[in-house]
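Notes for the structure review
The residues making up each chain are set out below.
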Amino acid sequence: MAELVLDLWGDVRDPWSHVAKRRVEAAVSASTHPMDVVVLHHVLAGPPVSDATLEEASIAGRPDGIDVTVTSPPEADPADAHRLVALALELGGPPLQAAMLERLYAAVFTEAVDVADPRVLQPLAAEAGLDERRVAAVLASSDHAADLVSDETAARSLGIETTPHLVVDHRVGLGGPASVEDYLALIDRALEDAELPSGGASAE
């Protein structure tokens, strides 16, 4: 079976993006062929998060293991943090990208650190498993800025305006955050379709 690609758009300042990441990962783990599913993370920087959104997401995310302890929405410019998410994909593929993103979410929503500060980002990236010298070089340059533009352009072309948003197999989209069950239904249906012979149809 060919890999099933899930493209998930998010923003490290958006608590709902963190919730969606956790739920998509849970859905992949519960799917019929989890080893055949690849999750790629993309950037879509959105407007500042409101106090109400932060509070609502913090409550909704608790069952997903998300501990939001900040009491005011993050305001840091996410561009450098997002560039490190792109770097992680280059250096270690989807697993390292997911680890970098998870570390950033914890830094923003649990530790309340400034992820716009390169002096903060460099050790965070090292903790996630990225090469610290490469991280320093990227932060001192504009490397991977084009990846952020490409992600946002792709989102606009797909009609994606807000985060989080999942696209399954480059064709089926679901804004969110959705439930684990809704994500799982989409994933399993796509996996089922991928197993069919070319031009075939599933039995009813």
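The present account deals with the structure reproduced in this document. (Residues numbered from 1 in each chain as written. Predicted model: local features only at pLDDT ≥ 70, side-chain atom pairs only at ≥ 80, totals over all residues. Heavy atoms only, no water.)

1. Quick notes on the side chain of S31
Among the structural elements, S31 can be located in the loop between α1 (15-30) and β2 (37-43). For S31, the contacting residues outside a window of four places in its chain are V37, L184, I187, D188 and L191. (Helix = DSSP H or I, 4+ residues; strand = E, 2+ residues; numbered from the N terminus. Contact = heavy atoms within 4.5 Å.)

2. Looking at unusual backbone geometry
Of note, the bond from T163 into P164 is cis; its omega dihedral lies within 30 degrees of zero at -5 degrees. In this structure, P177 follows G176 across a cis peptide bond, with omega equal to 10 degrees. Within the secondary structure, P177 sits in the loop between β4 (172-175) and α7 (180-195). Phi is positive for H144, close to 75 degrees, though the residue is something other than glycine. Structurally, H144 can be placed in the loop between α5 (132-139) and α6 (145-157). A residue is classified by how much of its surface remains accessible, and H144, at 13% relative accessible area, is buried. One non-glycine residue, D169, lies in the positive phi region at around 60 degrees. (Buried < 20%, exposed > 50% of the residue type's maximum accessible area, 1.4 Å probe, protein only.)

3. Here's the deal with the layout of surface pockets
Over the atoms a probe the size of a water molecule is rolled, and this reveals where empty space is left. Considering only enclosed or pocket space, the largest pocket measures out at about 220 Å³ in volume. Residues that form the lining of the largest pocket fall into these classes: six nonpolar, five polar and four charged. Of the pockets and cavities examined, the second largest pocket occupies roughly 190 Å³. Taken together, E25, V28, P34, V37, V38, V39, H41, P94, P95 and A98 make up the full set of residues lining the second largest pocket. Those elements that place two or more of their residues in the lining of the second largest pocket are α1, β2 and α3 (79-109). If you tally residues by element for the lining of the second largest pocket, the top one is β2, at four residues. A breakdown of the residues in the lining of the second largest pocket according to their chemical character gives eight nonpolar, one polar and one charged. (1 Å grid on protein atoms, 1.4 Å probe; cavity = no way out; pocket = protein on both sides within 12 Å on 5 of 7 lines; lining within 4 Å. Points joined across faces, edges and corners; volume = space filled by probe spheres on them. Nonpolar A, V, L, I, M, F, W, Y, C, P; charged D, E, K, R; others polar.)

4. Considering empty space enclosed by the protein
For the structure shown, the criterion picks out one cavity of 30 Å³ or more. Along its surface, the largest cavity is lined by 14 residues, and G10, H41, H42, L101 and Y105 are the ones closest to its centre. If you list the elements that add at least two residues to the lining of the largest cavity, you get β1 (4-10), α1, β2 and α3. Of all the elements, α3 adds the most residues to the lining of the largest cavity, at four residues. Here the lining of the largest cavity is built from residues that sort into seven nonpolar, five polar and two charged.

5. Focus: the packing of α3 against helix α4 (residues 118-128)
Between α3 and α4, the least distance of the axes is 9 Å, while the angle of their chain directions is 120 degrees. By the criterion of interaxial angle, the relationship of α3 to α4 is oblique. You can see that α3 and α4 cross each other, and the crossing is right-handed. Across the interface between the two elements, D80, A81, L84, L96, A99, M100, R103, L104 and A107 of α3 pack against P118, L121, L124, A125, E127 and A128 of α4. Along the lines of polarity and charge, the residues of the contact of α3 with α4 split into twelve nonpolar, no polar and three charged. (Axes fitted to C-alpha atoms, helices over the stretch in contact; angles between N-to-C directions. Parallel < 35°, antiparallel > 145°, perpendicular 65-115°, else oblique. Left-handed = near helix turned anticlockwise from the far one by under 90°.)

6. Looking at the packing of α1 against α3
Two numbers describe a pair of packed helices, the interaxial angle and the distance between the axes. Where α1 meets α3, the axes come as close as 11 Å, and the angle between the chain directions of the two elements is 140 degrees. Comparing their axes, α3 and α1 come out oblique. In the packing of α1 onto α3, the handedness of the crossing is left-handed. Only A98, L101, E102, Y105 and F109 of α3 make contact with α1, whose side of the interface consists of P15, S17, H18, K21, R22 and E25. Of the residues contributing to the contact of α1 with α3, the split by class is five nonpolar, two polar and four charged.

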